[in-house]
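# Breakdown of the fold
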Amino acid sequence: MESLETSVEQPVSLTISDGQQSATEEERKVVQEFSYLLEKSKQLFNGLRDLPQYGHKQWQSYFGRTFDVYTKLWKFQQQNRQTLDTHYGLKRWQIGEIASKIGQLYYHYYLRTSETNYLNEAFSFYSAIRSRAYYSKVNREKGPELMVKKLRYYARLIVVCLLLRKLDHVKELTKELSKNVDEYKGHYDSEDQMEWALVLGEIEAFTEADNIITVLDSNSRAVTLTYRLASGVLPALDTGSPVYLTLQEALIVGNCQQQVKFSELTLDMYRTLQTLEREPTSSDHITAPPHHNNDNNSKPLKRDNPHKYLLYKPTFSQFYTFLSAGFKELPVNAALLLYLSADGSVSIGKGEDGAFDAGGVATNNKREGNEPQVTKRSNMLKEMHCIHPGDLYPFTRKPLFLVIDSPNSHAFKNFPNLFGQPVVCLMSPESFPVTIQEQTTHKGNLFTMFLHSPLVAFCYICDIADVPIALWENCQAMVNKILGEVAAGISKSKTIDHAFMQFYGDEFLRLLILRHVFCFAALRYHRGFKDDSYYPQSHPDLRGHEILESKSLHKHTLELASMLDVRPLFLDVSEID
């Protein structure tokens, strides 16, 4: 399966039809122009792999040129279809291949910009391929190359549908992909048959794992839920409240070895990237990516969503390279978010140096370059395949907001203020009750689930599998009320650390802070979570603060539990220490 980065495919040879011999001069010009545009488009598309994966300005002009050529090619074949059919021998799969490349351009433009509307454009072109059956006859070809293109097309479309939460489409496409994989195995004796079976298995496992709760409409049919930031989800700032910083760059890292994934997206990464995006609106329809010059003095574009880098199981050097890029590109009055969902890496040595002695979170341990192989480790040495708190100290020269979801998250609880810039770190619980711990691999990490959708996570810890839509909406209103009261408490507080308030003006970061508080309350008051290690923490530390100890927070949490008929699972006021 290809990664999220552009895959470069070997072109399938195109045969010029014998009909060109009897063509008029005008028709020959049409064929020549089409051949030129087709070859030029392939050269530009293949050149995408040489672009740096990080940085904003290096890729924009090249992407613009590539998109221009594909736009001309697409319109040209539409306007001259009959001539190309007769004198070029244009086949339907060739049209589908052009549409697929344009879909890929839109998708990668989304990855580069984090603007969700480009996903809709990718979906539009990919869907046209399916509805017009451009790849319907490729299984009749002698060689497997075109069938592989068709399978890759299905995998790409499924990724786009997952990101757009078009889950009914995902089910249909998965069935079609399964049928095509069976045909592929039956028709061709190719070495990658097992690989495609694994891809299909990943898709099925991913969609099943993401299905935590089913919301049913009045006809008992499942309703698709969306989790991006939309109106009514977030409590507004008080009038006159200052906005110190805005979230502009985010690095989302997934390195849980056993967690379900598809197309280099773990469940946690998939949920987090949606949490950091606004819900696209119908009025935001886009026809083409905007063109950018490569002028170093040009002002950065104002984005609706923070720019995101997605790293699946990176090595330490890959992680540091992308984090450095995000740090470098951060404009004035902006914040950098680092989200780490990873296995813990506990230090084997002992010491009091919080920068490295507490371990951290694991990175990919594959060897790189000239890295020496260590056969025996001294207790004095630190784990090299690990992100230690001290590794992040240089980046605290600018505002840094951390979210650590790992069994060793609390290694990050003591960040020194070295440069006078705000640093906030939200940390997952270190452990969970056995029943929850066993399901983490399958359903994703609980802390991330709370940050993604508090109500889904609340239902999950209460073992609620389905909820009628009317009850769901009422419960969602209660969650919004709880978040609203927490927000009011934060705004009025005279004792909360100012670091929180410096990030609080940004909508995405405010949402994460509020949901972190809700997560703490839900777990603390749940009878199944009796140990302090089961609760999330933060730096600066909020434990014992009025924000977490609010009686109304406890009261409304119990009201939410009563609405869902799980009140006995939660502690009464008199039972709280």
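Report on the accompanying structure. (Residues numbered from 1 in each chain as written. Predicted model: local features only at pLDDT ≥ 70, side-chain atom pairs only at ≥ 80, totals over all residues. Heavy atoms only, no water.)

Another aspect to go through is the packing of aromatic side chains. In total, this model carries 29 aromatic pairs according to the counting rule given. Consider the rings of W74 and F125, whose centres lie 5.8 Å apart with planes at 70°: the pair is edge-to-face. Here the residue W74 occupies a position in helix α2 (residues 57-79), and F125 occupies one in helix α5 (residues 117-131), the gap between them amounting to 51 residues. Like F125, W74 is buried. Of the aromatic side chains, those joined through ring pairs into one cluster are W59, F63, F67, W74, Y106, Y109, Y118 and F125. (Phe/Tyr/Trp six-rings, centres within 6.5 Å; stacked < 30°, edge-to-face > 60°. Helix = DSSP H or I, 4+ residues; strand = E, 2+ residues; numbered from the N terminus. Buried < 20%, exposed > 50% of the residue type's maximum accessible area, 1.4 Å probe, protein only.)

With that settled, consider the sheet that holds strand β6 (residues 307-312). Spatially, the six strands line up as an open sheet ordered β6-β3-β7-β11-β12-β14, and their pairing is mixed. The sheet is open, and its two edges are formed by β6 and β14 (537-539), each paired on a single side. Between one strand axis and the next, the sheet turns through 10° on average, direction left out of account. Direction of pairing for strand β3 (residues 246-255) relative to strand β7 (residues 334-342): parallel, over a ladder of nine bridges. If you follow A250 over to β7, its bridge partner there is L337. Across the sheet, helix α10 (residues 316-329) touches β3, β6 and β7, and the angle it forms with β6 is around 175°. (Pairing = 2+ DSSP bridges. Axes fitted to C-alpha atoms, helices over the stretch in contact; angles between N-to-C directions. Contact = heavy atoms within 4.5 Å.)

So, about the environment of L157. Residue placement: L157 occurs in helix α6 (residues 145-163). Taking the C-alpha atoms as reference points, L157 and F125, 32 residues apart in sequence, are found 9.6 Å from one another. Excluding its chain neighbours within four sequence positions, the residues that come into contact with L157 are F123, Y126, R130 and L173.

Interpretation note: all reported values are geometric properties and have no functional meaning in isolation.
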